[in-house]
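Residue-level listing of the chains:
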Amino acid sequence: MSNSSTRILTAQPQDIRQAAALLQAGQLVAFPTETVYGLGADARQGEAVAALYAAKGRPSFNPLIAHVHSIEAAKRHVIWTETANKLAEAFWPGPLTLVLPLRDGHDISHLVTAGLETLGVRIPAHPAARALLSALDGPVAAPSANPSGRISPTTAAHVVAGLDGRIAAIVDDGPCGVGVESTIVGLSGETPILLRPGGLAQEDIEAVLGHPLQMRDASDPLTAPGQLLSHYAPRAKVRLNVTTPDPAELYLGFGTMSCDLNLSDSADLVEAAANLFGHLHQLDAMDKPIAVAPIPEYGLGAAINDRLRRAAAPR
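Reading the values: the criteria
- Residues numbered from 1 in each chain as written.
- Predicted model: local features only at pLDDT ≥ 70, side-chain atom pairs only at ≥ 80, totals over all residues.
- Heavy atoms only, no water.
- Salt bridge = Lys/Arg side-chain N within 4 Å of Asp/Glu carboxyl O.
- Buried < 20%, exposed > 50% of the residue type's maximum accessible area, 1.4 Å probe, protein only.
- Axes fitted to C-alpha atoms, helices over the stretch in contact; angles between N-to-C directions.
- Helix = DSSP H or I, 4+ residues; strand = E, 2+ residues; numbered from the N terminus.
- Parallel < 35°, antiparallel > 145°, perpendicular 65-115°, else oblique.
- Left-handed = near helix turned anticlockwise from the far one by under 90°.
- Contact = heavy atoms within 4.5 Å.
- Phe/Tyr/Trp six-rings, centres within 6.5 Å; stacked < 30°, edge-to-face > 60°.
- Pairing = 2+ DSSP bridges.
- Polar contact = N/O pair within 3.5 Å; in protein donor to acceptor, adjacent residues only side chain to side chain.
- Nonpolar A, V, L, I, M, F, W, Y, C, P; charged D, E, K, R; others polar.
- Core = buried A, V, L, I, M, F, W, Y, C linked by side-chain atoms within 4.5 Å.
- 1 Å grid on protein atoms, 1.4 Å probe; cavity = no way out; pocket = protein on both sides within 12 Å on 5 of 7 lines; lining within 4 Å.
- Points joined across faces, edges and corners; volume = space filled by probe spheres on them.

1. Some details on the pattern of salt bridges
At step 1: Going through the model one piece at a time under the given rule, you end up with 10 salt bridges.
At step 2: Residue D246 pairs with R239 through a salt bridge whose shortest N-O separation is 3.8 Å.
At step 3: A residue is classified by how much of its surface remains accessible, and D246, at 42% relative accessible area, is partly exposed.
At step 4: With a relative accessible area of 31%, R239 lands in the partly exposed category.
At step 5: Salt bridges linked by common partners bring E181, D306, R307 and R310 together as one network.

2. Remarks on the packing of helix α9 (residues 269-284) against helix α10 (residues 301-312)
At step 1: For the pair α9 and α10, the least separation of the axes is 9 Å and the interaxial angle reads 20°. Between α9 and α10, the crossing angle belongs to the class labelled roughly parallel. You can see that α9 and α10 cross each other, and the crossing is left-handed. On α10, the residues touching L269, A272, A273, L276, F277 and L280 of α9 are G301, I304, R307 and L308.

3. Re the packing of aromatic side chains
At step 1: Counted by the stated rule, this structure contains 1 aromatic pair.
At step 2: Measuring from centroid to centroid gives 5.8 Å for W80 and W92, while their planes differ by 40°, and the two rings are tilted. A residue pair is termed long-range when its members are at least 10 positions apart, and W80 in the loop between α3 (71-75) and α4 (82-91) and W92 in the loop between α4 and β5 (96-101) qualify at 12 residues. With respect to burial, W80 and W92 carry one shared label: buried.

4. Brief notes about the sheet that holds strand β11 (residues 214-215)
At step 1: The 11 strands lie next to each other as β1-β8-β2-β3-β7-β4-β6-β5-β9-β10-β11, forming an open sheet whose pairing is mixed. Looking at which strands have only one partner, the edges of the open sheet turn out to be β1 (7-9) and β11.
At step 2: Where strand β2 (residues 29-32) and strand β8 (residues 169-171) come together, 2 bridges link them in parallel fashion. If you follow A30 over to β8, its bridge partner there is I170.
At step 3: Packing of helix α6 (residues 127-136) onto the sheet brings it into contact with β2, β3 (37-42), β4 (65-67) and β7 (140-141), and relative to β2 it is tilted by some 135°.

5. Overview of the side chain of D42
At step 1: Mapped onto the fold, D42 is located in strand β3.
At step 2: In terms of polar contacts, D42 uses its side chain to reach the side chain of R44, at 2.9 Å.
At step 3: Every residue in contact with D42, bar those within four places of it in the chain, is listed here: L23, A48, V49, L136 and P139.

6. Points about the packing of α4 against helix α8 (residues 202-209)
In helix packing, the relevant descriptors are the interaxial angle and the interaxial distance, both defined with respect to the helix axes.
At step 1: Contact geometry for α4 and α8: axes closest at 10 Å, N-to-C directions at 125°. Judged on the interaxial angle alone, α8 and α4 are oblique. Seen from above, α4 lies across α8 with right-handed handedness. Counted together, T83, K86, L87, A90 and F91 of α4 and D204, I205, V208 and L209 of α8 form the full contact between these two elements.
At step 2: In terms of residue class, the contact of α4 with α8 is made up of 6 nonpolar, 1 polar and 2 charged.

7. Considerations on the nonpolar core
At step 1: Counting residues in each nonpolar core, the largest one holds 49 residues, and the members touching the most others are W80, W92 and L98.
At step 2: Looking at this core, the elements that each hand over two or more residues are β3, α2 (46-56), α3, α4, β5, β6 (118-122), α7 (156-163) and α8.
At step 3: Per-element tally for this core: the top contributor is α2, with 6 residues.
At step 4: V178, L250, L283 and V292 belong to the second largest nonpolar core, which has 25 residues in total.

8. Some points on empty space enclosed by the protein
At step 1: The final tally for this structure, using the stated rule, is 4 cavities of 30 Å³ or more.
At step 2: Size it by volume and the largest cavity reaches roughly 200 Å³.
At step 3: As for the largest cavity, its lining consists of 21 residues, and the residues nearest its centre are A142, P143, S144, E181 and R196.
At step 4: Grouping the constituent residues of the lining of the largest cavity by class yields 9 nonpolar, 8 polar and 4 charged.
At step 5: Surrounding the second largest cavity, P63, L64, V99, V112, T113, L116, T118, L119, G120, T223, A224 and P225 form its lining.
At step 6: Of all the secondary-structure elements, those providing two or more residues to the lining of the second largest cavity are α5 (110-113) and β6.
At step 7: The dominant element in the lining of the second largest cavity, judged by the number of residues it contributes, is β6, at 3 residues.
At step 8: Partitioned by chemical class, the residues of the lining of the second largest cavity number 8 nonpolar, 4 polar and no charged.

So, in structure tokens, the structure goes:
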């Protein structure tokens with residue numbers, strides 16, 4: 001799908017209505033969530049979802065998340081459970097995706113689920129995203145609004161850089177606050193399973209559940225977005241857990257240190273998550289190898305390290 005130019009819209013009501021009309025017409029619209037900018041297509045329209053895969057260059061075996069405006073809207077498409085209700089009441093709207101079995105009579109395109117019998121659903125917290133979903137009153141399939149496998153976008157400018165001319169419009173409402181994609185929890189089996197760490201800490205989810213999450217094995221089949229071994233990748237080579245960078249490398253720091261860019265001078269993991277993709281975009285533009293300082297493996301550090309490992313994976 002190619003457009004001669006991609007329109008930049010605001011988050012004002014008239015522009016939100018225009019964005020919803022474009023989605024309804026089968027067009028692709030990028031919009032901000034609290035995590036990253038998403039590339040939206042009406043999840044009920046197979047041709048629109050196919051165009052989304054084509055615009056991103058995304059493998060069609062990699063499932064998508066359906067964004068909805070309410071729990072009631074989610075229940076139209078998936079079999080709701082008591083555990084889903086507990087987690088949704090605690091964390092929705094917010095950076096948590098729940099993967100549940102599809103309901104009979106759902107109207108979700110099979111391209112969204114990549115042929116699986118489950119669907120990831122989420123209510124985003126960003127006001128512009130919620131306004132757009134309410135205006136459409138339908139599910140929006142929305143992976144990150146970037147070419148597949150590349151660094152996720154946290155500003156409209158990042159979206160323009162990757163997808164200008166390939167999508168109908170971008171709703172620009174400033175930078176995203178969380179900065180890494182949603183945490184994904186699978187609820188289709190007997191025990192809730194962490195399918196992807198993200199913008200909601202595993203520890204917070206376990207506190208609400210009252211027990212540990214089961215952990216996904218890296219060799220398991222793809223059941224949710226963000227599980228490809230190479231993903232979120234800059235063009236340059238990335239080296240992790242570096243305390244002494246090579247002179248030829250750009251250094252992405254964490255905490256008090258000398259570096260080219262710092263995720264958080266104060267070693268704040270929330271700030272680091274919000275800065276992660278934006279800083280990677282800036283360093284990638286300098287066309288040099290990137291070395292990354294060690295990041296703690298707890299709280300949002302788990303999501304940051306997950307993204308960095310995929311960014312550094314062989315490709």
